[in-house]
Amino acid sequence: QVQLVESGGGLVQAGGSLRLSCAASGSIVTINAATWYRQVPGKQRELVAGIYSGGNVNYADSVKGRFTISRDNAKNTVYLQMNSLKPEDTAVYYCNADVLAHWSVRPYNYWGQGTQVTVSS
């Protein structure tokens, strides 16, 4: 069984920084594409950033220049470095990834449980 576990959320003042981690556990071969989403109550889940095979990345316009997505393949972990945080970044952040496990011939998609980020003004 594969699990994605997010960590690193918390309360920070506007202008501050946080680094979120998404660690995949289980019998992992590799993480293919990985994305970070965020959601606030009453709104749809929003794509924040993605990192793909070959190292391509993309970002929502609202976070470009402030957030950086990266990965450590040896640790099966994806990161989201968030700088210059704004109150409107407040949300639950979720990790989503296509993970290839040793017991599978193809990757499957998984979601983490979410981590709360709160930015105070």
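All residue numbers refer to positions counted from 1 along the written sequence of the respective chain. Since the coordinates come from a predicted model, pLDDT governs what is reported: local features require at least 70, and pairs of side-chain atoms require 80 or more to be given and counted, while whole-chain, interface and lining totals use all residues. With hydrogens and water stripped out, all remaining heavy atoms of the structure feed into the side-chain values.

Colleague: Please provide a residue-by-residue account of the state of the cysteines, values included.
Modeller: Throughout, disulfides are identified as pairs of cysteine sulfur atoms within 2.5 Å of each other. All told, the structure shown has 1 disulfide when counted by the stated rule. Here Cys22 engages in a disulfide with Cys95; their sulfurs sit 2.1 Å apart. The sign of the S-S torsion, about -75 degrees, decides the handedness of the disulfide formed by Cys22 and Cys95: left-handed. On the criterion of sequence distance, the pair formed by Cys22 in strand S3 (residues 18–25) and Cys95 in strand S9 (residues 91–101) is long-range, its members being 73 residues apart. Residues Cys22 and Cys95 agree in their burial class; the two are buried. Strands are runs of DSSP state E lasting at least two residues, helices are runs of H or I lasting at least four, and both sets are numbered from the N terminus onward. Each residue is assigned to one of three classes by its accessible area relative to the maximum for its type, calculated with a 1.4 Å probe on protein chains only: buried under 20%, partly exposed between the two thresholds, exposed over 50%.

Colleague: Describe the pattern of salt bridges, naming the residues involved and giving the relevant values.
Modeller: Salt bridges are identified by distance alone: a Lys or Arg side-chain nitrogen within 4 Å of an Asp or Glu carboxyl oxygen. Enumeration over the complete set of coordinates arrives at 4 salt bridges. In this structure, the salt-bridge partner of Arg66 is Asp89, at a minimum N-O distance of 2.7 Å. With Arg66 in the loop between strand S6 (57–59) and strand S7 (67–72) and Asp89 in the loop between strand S8 (77–82) and S9, this residue pair connects regions lying 23 residues apart in the sequence. Comparing Arg66 with Asp89, the two get one shared label, buried. In the salt-bridge network here, residues are joined through shared partners; they are Arg38, Glu46, Arg66 and Asp89.

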